[in-house]
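In case you want the letters, here they are:
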Amino acid sequence: MTIPVSAPQDTMTTTPPLVATVQDLRVYFKTKAGLVHAVDGVSFDIRDRETLGLVGETGSGKSVTARSFLRLIQSPPGVYAGGRILFWSDEARRTGAEPVDLLTIPRHQLLDVRGNRIAMIFQDPGKALNPALTIREQVAEVFYQHRSEELLEGAYGDASLLIRRAAGQRTRLAERLLLRLPPLRQQATKLRRRVDDHVAAALNETQIANPRKIMDSYPHELSGGMKQRVMIAQALACNPDLLIADEPTTALDVTIQAKILELIRQLQERHQAAVLYISHDLSLVRQISDRVAVMYAGRIAETGRTEDIFHEPLHPYTRGLMAAVPSAGHTRGRLAAIEGTVPELVDPPASCRFHTRCPHAVALCGAIDPELLLVGPAGHQVACLAYNTPDQLGVDPSALPDLSRRTR
Amino acid sequence: MVDVPAPDSFTVSVEGPWIVRLRRLFDVSRKVLSNPTTLVGLMIIIALLALAALAPLLTTPNVPDAYQMPRDWGVRDAPPGTPDHLLGTTSTGGDVFYGVLWGARTSLRLSVIVVGITVTVGTIVGSLAGFIGGKLDEILMRAVDVLLAIPELIFALAIAAVLGPSFGNIIFALAVVFWVKYARIIRGQIIHVKQNEYVDAARVTGDSKFNIYRKDVLPNSITPVMVQATLDMGGIVLTAATLSFIGLAEAGLAEWGVLVSDGQAGISAGKWWASTFPGLMIFLWALAFNLVGDGMRDVLDPRTEGR
Amino acid sequence: MQIREYLLRRLMIFPLIIVGTSLIVFTLSRVGGNPVAIYIEHEMSPAEVARLEERYGLDEPLPVQYLVWAKGVVTGDMGWSAVSAQPVTEALTSRIGATMELALFSAVIAVVLGIGLGTFGGARRNRWPDHLTRVISISGASMPIFWFAILLLILFWVNLGWFSTGRSDPIIFAAIAHPTGVYTLDAILAGDFRALFDALHHLVLPSATLGFGATAIIARMMRSSLVEELNEDYVDAARAKGLPERLVLRRHARRNALIPTVTVIGLGFGFLLQGTVVVEIIFRWPGLGRWMADAVLRGDQATIMAYVLFTSVLFLTVNLVVDIMYAYLDRRVVLGA
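Residue numbers run consecutively from 1 along every chain, following the written order of its sequence. Chain letters and ligand numbers both follow the written order, the letters beginning at A and the numbers at 1. The predicted origin of the model limits local features to residues at a pLDDT of at least 70 and limits the giving and counting of side-chain atom pairs to 80 or more, whereas totals for whole chains, interfaces and linings rest on all residues. Side-chain measures were taken over the full set of non-hydrogen atoms in the model, leaving aside hydrogen atoms and water.

Participant: Even after reading the chapter, I still don't get the overall build of chain B, so can you show me in this structure?
Facilitator: Think of it this way: any DSSP run of H or I at least four residues long counts as a helix, any run of E at least two long counts as a strand, and we number them from the N terminus. Scanning chain B from terminus to terminus reveals 11 helices and zero strands. The order of α-helices and β-strands along chain B, N terminus first, is α-α-α-α-α-α-α-α-α-α-α. Buried residues in chain B amount to 49% of all 307 residues. Residues count as neighbours in contact if any of their non-hydrogen atoms are within 4.5 Å of one another. Across chain B, every contact between residues at least 6 apart in sequence was considered, and the portion connecting residues at least 24 apart equals 72%. Buried, partly exposed and exposed residues are distinguished by accessible area as a fraction of the type maximum, computed with a 1.4 Å probe on protein chains only: under 20%, between the cut-offs, and over 50%, respectively.

Have a look at this one:
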């Protein structure tokens, strides 16, 4: 059933302001086999104080999308081949300033955004924490890097140049040795104590009991859940406007998962931040997201409010995912797995990425790349030819796929 | 949880085991050769082998022993470019070019013999230790530890010194020193296979120990042994040259180490060629085998060099 | 604690291996024939020789011979060194300083250059600094030390005249006292800058020669460790915190990459030890290496045995220390093992 469409627009007047918007992002990787289109034209919005769940199976490009926000993709072999990621910081929104394009801002500006305006927590906290540094040393880095002015003010008065440099982590080896000498040593210790206070406060926020003791530990001495709390504390330390969570609970016990999710939700409210939550777990995403974007093979298949997506999935892939999830509410029956595998992403032809596995695919699906169309209320968009009108594509009505009919 | 669904169908391969092995060999060789540095190494090896093979054709073999440097008191210390002496002559009139070529032959014989002996001995010892296990294994491994405690060159030096200066003794000394690594490789493979479940399955079906050895241990050990052997081809010549340089080979032998040593005295007088060219050959030989060995190791035993 | 068990086992086996090594050395000497030759000092009459044989139990069965010899080693009597016309123990202690000095300087060069080069190449993977590092690494591993030494001499001694062979200018050397046997140290202690300069000047070429090969080994390990570390998640996490790249490299990647690099110290040391033999020959350095080389040519068994035993024990000790250090460092790195 096709619905008359219009270009994707923000027609709602009560929607919260934008924090970030991804516009036609393309990230490719040069490999021996060719140019892999890991992310091939992805667009979505993230709004203030909202959690957007980015869902997809392994290889869908969701992690690459997330990492692109902070420009973490290594340049050989990765390449930012197109699109923009516009970001409005809190300040920009207040003053009405223009957004910045995270993919092109100069490096010093990028370093200011990273860890400060936008923070990221990673999948396996055991691997994302440096095993050779104590918790204190690692969390302190964020404060030194972004809050050095704050650390210096107050009791110092006229802080010496050396202390200033120490606060900003810009000292050389000789300078660090000098800081051990008596006259400067006191000031350096005072600085360190202030940082410690900040670190302890950050750890406290994530409900870590006895933060002072934890601060002296090494990552391998902590449990998985504890490590993830440390990561979260580190990420929220500078009160970022956007938190990107890349599958933060995948490596954790199911029992701990729930606690961490709850913690993220609470902290999000307290810090009034937006969250981009990456996951392959549908049921999890449903619990915590306000909006969902479903990714497949480097493109967005469908996006909208969580309840809309789950009650009325529009894209055949999304429908397949729902059917494949053996949730308690479903009638028992065959586990409906989606046939086929994720397609080759090297120099893909212009076609729907899903058409080789789609139960409703027709010939047209192998010839045209569907665009994201606004199809439902509250910004429910889907990229499937079944929702286009024949006039839009210039074809016969019989050429369009029909979701009520299976072709395989 | 949504997982990646299984593929449509299986393709069952009906190819025989040898074809599968050959194809694997082909694929591996291609991968190894795709690395440019490995390719360079291989080309150098081919060039060196060509020099060795063509020695009797490119130069007139010395009588009575072609492996002794010829002496021609008329053309002592001739610089490179002298007619008939492309790379010059030594202080006793020996043609440096002759030394380079016949030295290649000497190195080839030496390294092939030593590698042959060491691989065999190492395999035997390693197999005994691995299969019989228990006390014998303990004793043999302690012995291996002891042998590894003495640095290779020094050990070979001592053995050759005690036996007396001769090239044959050098070969023997090197064989004694270099077999140890192979024993470890083979033993390691056997232990690994022993721990593997499918061997228990094989034993249940009645496969004799020897068959397990033949079908599981040996094929899997070939690759690390090949890598080590390639690297050793280079290392053995290097060590042998060092021993000859110190003076443990017969005087006047057409061997690169001996030539470098002989040429040493003339350096202060500006006669650089007698030492430089033979030394360059040693370097090229070791370099080539190291490049190829490394290339092989990268392919056959890859460590994560990035995504 | 697996690691503690492992270390305890190593410590317990250590003396056994030393004994095993001494057995090999002993066997070598018996293979070489004429066991009493070790103790003969000068032209001795058959009667004196017979007395020596009795004294060292050489008419007794082999196991007893071994015990007598071993006891001698432990008490400092390792025979007479024909090439240096002194008791072996004296010859050894008088030459140790020179070799240790050379080895130390080479080691410092190798560690500094090796780590620097490895970091330089590893951080810029697959671009020209990386290729340069790999070329240098593999050249260093394939380079015949004696040839490299000769090349350096041809260039810097014969052609440029900047350096010469030998350890010192005899006049300057004789002008100061030598309490430690290490020329540079003695010069500093004596406050004699001319001597210090003399010492350092003579150290340049030999330690450059020795250091090159060891640099290659260390650089190669450092590079591959760094490449591995840079692939780890915590490096990305550090970048995501907004840290400038130099901090990410220095405090995160490189620090962790240094740990496995420690393991090649043992290897590098073995390399240095073996290299001193030829380097001391070519540069006429009055150390243990040249002592051994002379002994090898003269068939001086006492010296050969003593040298092999000494270097092996040294090599074993260094490796053990390195293993302990690594286990200690790794304990922090290993995630909850």
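Participant: Any chance you could explain a positive patch on the surface here in plain terms?
Facilitator: To count toward a patch, a residue needs a relative accessible area over 30% and no salt bridge; like charges are then connected within 9 Å, while nonpolar side chains (Val, Leu, Ile, Met, Phe, Trp, Tyr) are connected within 5 Å. Note that accessible areas follow from Shrake-Rupley with a 1.4 Å probe, and for residues the cover is restricted to the protein chains shown. Salt-bridge detection follows one rule: a side-chain nitrogen of Lys or Arg within 4 Å of a carboxyl oxygen of Asp or Glu. As used throughout, the charge tally considers Lys and Arg to be positive and Asp and Glu to be negative, leaving His and the chain termini uncounted. Every charge is mapped to an atom, namely NZ of Lys, CZ of Arg, CG of Asp or CD of Glu. Residues Arg180, Arg185, Arg192 and Arg193 of chain A make up a contiguous surface patch of positive charge. On the basis of relative accessibility, which here comes to 47%, the residue Arg185 of chain A falls in the partly exposed class.

Participant: Please clarify how the pairing of strand E8 (residues 274-279) of chain A should be interpreted in this entry.
Facilitator: Regular strands have side chains that alternate between both faces of the sheet. Residues and elements named next belong to chain A. Taken across its six residues, E8 has six buried, putting it largely inside the fold. Here E8 shows no split at all, with Ala274, Leu276 and Ile278 on one side and Val275, Tyr277 and Ser279 on the other all buried. Two strands qualify as a pair provided that DSSP identifies no fewer than 2 bridges between them. In this sheet, E8 lies alongside strand E3 (residues 51-55) in parallel orientation, the contact comprising five bridges. What sits directly across from Leu52, in E8, is Leu276. Sheet topology places strand E7 (residues 242-246) next to E8; five bridges connect them, and they run parallel. Looking at the pairing, Leu243 lines up with Val275 of E8.

Participant: Please explain unusual backbone geometry as it appears in this structure.
Facilitator: Phi angles above zero are rare outside glycine, and Asp24 of chain A is one such case at about 55°. On the secondary structure map, Asp24 of chain A appears in strand E1 (residues 18-31). Of note, Asp77 of chain B is a non-glycine position whose phi angle comes to about 55°, a positive value. Tracing the sequence through the fold places Asp77 of chain B in the loop between helix H2 (36-58) and helix H3 (96-132).

Participant: Can you walk me through the interface of chain B and chain C in this structure?
Facilitator: A common way to express how large an interface is: the accessible area buried when the components associate. Each side of the interface is counted separately: chain B has 49 residues, and chain C has 46 residues. Summed over both partners, the interface of chain B with chain C comes to about 4,000 Å²; 74% of that surface belongs to carbon and sulfur atoms. Inspection of the chain B/chain C interface yields one salt bridge. Residue Asp294 of chain B pairs with Arg220 of chain C through a salt bridge whose shortest N-O separation is 2.2 Å. Among the elements of the structure, helix H4 (134-149), helix H5 (152-163), helix H9 (209-246), helix H10 (256-264) and helix H11 (273-300) of chain B are those that each provide at least two residues to the side of chain B that touches chain C. By residue number, the principal contributor to the side of chain B that touches chain C is H11 of chain B, which donates 13 residues. Under this grouping Gly is polar, as are all residues other than the nonpolar Ala, Val, Leu, Ile, Met, Phe, Trp, Tyr, Cys and Pro and the charged Asp, Glu, Lys and Arg. Residue composition of the side of chain B that touches chain C, by class: 29 nonpolar, 11 polar and nine charged. By buried area we mean how much accessible surface two parts lose on assembly, using a 1.4 Å probe and totalling the loss over both.

Participant: Mind showing me how you'd approach a nonpolar patch on the surface here?
Facilitator: Residue and element names in this part refer to chain B. A cluster of nonpolar side chains, Ile124, Leu128, Ile132 and Leu136, forms an exposed patch at the surface whose accessible area comes to about 350 Å². Here the element with the most residues in the nonpolar patch is H3; it accounts for three residues. You can see Ile132 is positioned in helix H3.

Participant: I tried to follow the nonpolar core on my own but got confused; where do I start?
Facilitator: The nonpolar side chains of a soluble globular protein tend to be buried with one another. The criterion is simple. A nonpolar core is a set of buried Ala, Val, Leu, Ile, Met, Phe, Trp, Tyr and Cys residues joined through side-chain atoms within 4.5 Å. Counting residues in hydrophobic clusters, the biggest one holds 154 residues, and the most contacted among them are Leu110 and Leu174 of chain B together with Phe146 of chain C. Here this core gets 14 residues from one element, more than from any other, and that element is H11 of chain B. In terms of nonpolar packing, the next biggest core, distinct from the first, is built from 86 residues, Val64, Ala119, Val199 and Ala235 of chain A among them.

Participant: Before we go on, may I ask you to explain empty space enclosed by the protein in this structure?
Facilitator: Rolled over the atoms, a probe as big as a water molecule pinpoints where empty space is left. Residues and elements named next belong to chain A. Cavities and pockets are found on a 1 Å grid laid over the protein atoms alone: a cavity is a set of points where a 1.4 Å probe fits but cannot escape, a pocket is an open set with protein on both sides within 12 Å along at least five of seven lines, and a lining residue has an atom within 4 Å of such a point. Grid points are joined across faces, edges and corners, and a volume is the space filled by probe spheres set on the points. Per the counting criterion, the structure on display carries 10 cavities of 30 Å³ or more. Each pocket or cavity is described by its volume, and for the largest cavity that value is around 90 Å³. Surrounding the largest cavity, Tyr296, Arg299, Ile300, Ala301, His315, Cys352, Arg353, Phe354, Asp369, Pro370 and Ala383 form its lining. For the lining of the largest cavity, the element with the most residues is strand E10 (residues 299-305), which contributes three residues. In the lining of the largest cavity, the residues fall into seven nonpolar, one polar and three charged. Quantified by volume, the second largest cavity comes out at close to 70 Å³. Forming the boundary of the second largest cavity are 13 residues, of which Pro316, Cys352, Cys358, Cys365 and Cys384 lie nearest the centre. For the lining of the second largest cavity, the residue count by class is 10 nonpolar, three polar and no charged.

Participant: Is there a simple way to explain the pattern of salt bridges in this structure?
Facilitator: Think of it this way: side chains of opposite charge can pair up when their charged atoms draw near. Applying the stated criterion to the full structure yields 34 salt bridges over all chains. A salt bridge links Glu245 of chain C to Arg107 of chain A, with the shortest nitrogen-to-oxygen separation between them at 3.9 Å. With Glu245 of chain C in helix H11 (residues 245-261) and Arg107 of chain A in helix H3 (residues 107-113), this pair bridges two chains. On the basis of relative accessibility, which here comes to 30%, the residue Glu245 of chain C falls in the partly exposed class.

Participant: How should I be thinking about the state of the cysteines in this particular structure?
Facilitator: Joining two cysteines, a disulfide is a covalent bond between their sulfur atoms. All names here are of chain A. To count as a disulfide, a pair of cysteine sulfur atoms needs to be within 2.5 Å. Counted according to the given criterion, the structure contains zero disulfides over all chains. Among the cysteines around Cys365, which has no disulfide bond, Cys352 carries the closest sulfur, lying 6.1 Å off. The thiol sulfur of Cys384 is not disulfide-bonded, and the nearest other cysteine sulfur, from Cys358, lies at 6.3 Å. On the basis of relative accessible area, Cys384 is assigned to the buried category, the value being 9%.

Participant: Before we go on, may I ask you to explain the layout of surface pockets in this structure?
Facilitator: Reported here for the second largest pocket is a volume of approximately 1,100 Å³. Taken together, 27 residues line the second largest pocket, and the ones lying closest to its centre are Tyr144, Arg176, Arg180 and Arg192 of chain A together with Arg251 of chain C. Secondary-structure elements contributing two or more residues to the lining of the second largest pocket are helix H5 (135-146), helix H8 (173-178) and helix H9 (182-205) of chain A together with H11 of chain C. Tallying contributions element by element places H9 of chain A first for the lining of the second largest pocket, with seven residues.

Participant: Would you mind showing me how to read the packing of helix H8 (residues 183-190) of chain C against helix H9 (residues 193-230) of chain C here?
Facilitator: Each pair of packed helices can be described by the angle between their axes along with the distance between the axes. Residue and element names in this part refer to chain C. Each axis is a line fitted through C-alpha atoms, taken for helices only over the stretch in contact, and angles between the N-to-C directions span 0 to 180 degrees. One way to put it is that H8 packs onto H9 with a least axis distance of 8 Å and a crossing angle of 165°. Relative to H9, the element H8 lies roughly antiparallel. For the pair H8 and H9, the crossing hand works out as left-handed. Taking contact as the criterion, the partners of Tyr183, Thr184, Ala187 and Ile188 in H8 are, on H9, Ala195, Leu196, Asp198, Ala199, Leu200 and Leu203. The class makeup of the residues in the contact of H8 with H9 is eight nonpolar, one polar and one charged. Any angle between 65 and 115 degrees counts as roughly perpendicular, while under 35 counts as roughly parallel, over 145 as roughly antiparallel, and the rest as oblique. Crossings are sorted by hand: turned counterclockwise from the far helix by less than a right angle, the near helix makes the crossing left-handed, and turned clockwise it makes it right-handed.

Participant: Is there a simple way to explain the packing of aromatic side chains in this structure?
Facilitator: Aromatic ring pairs are reported here in terms of the distance separating the ring centres and the angle at which the planes meet. Here is the rule: rings of Phe, Tyr and Trp (six-membered ring for Trp) pair when centre to centre is within 6.5 Å. Planes less than 30 degrees apart are stacked, more than 60 are edge-to-face, and the remainder are tilted. A complete count under the given rule lists 20 aromatic pairs over all chains for this structure. Here the aromatic rings of Phe156 of chain C and Trp162 of chain C are separated by 5.7 Å at their centres, their planes lie at 40°, and the arrangement is tilted. Taking NZ or CZ as reference, Arg109 of chain B lies 4.4 Å from the ring centre of Tyr67 of chain B, over its face. The criterion for a charge sitting over a ring is simple: Lys NZ or Arg CZ within 6 Å of the ring centre, and within 35 degrees of the ring normal.

Participant: Hey, could you run me through the side chain of Asn169 of chain B in this one?
Facilitator: Tracing the backbone shows Asn169 of chain B in helix H6 (residues 167-178). Each residue touching Asn169 of chain B, except ones within four places of it in the same chain, is listed here: Leu163 and Gly164 of chain B.

Participant: Quick question: what am I supposed to make of a negative patch on the surface here?
Facilitator: Together, Glu53, Glu54, Asp59 and Glu60 of chain C line one region of the surface with negative charge. Look at Glu54 of chain C and you get exposed, because its relative accessible area is 59%.

Participant: Where do I start with the sheet that holds E10 of chain A in this structure?
Facilitator: What holds strands together in a sheet is hydrogen bonding between their backbones, with the strands either parallel or antiparallel. Residue and element names in this part refer to chain A. Read across the open sheet, the eight strands follow the order E6-E7-E8-E3-E9-E10-E12-E11; overall the sheet is mixed. Whereas interior strands pair on both sides, the edge strands pair on one side only; in this sheet they are strand E6 (118-121) and strand E11 (373-376). Taken over all neighbouring pairs, the strand axes of this sheet differ in orientation by 20° on average, direction set aside.

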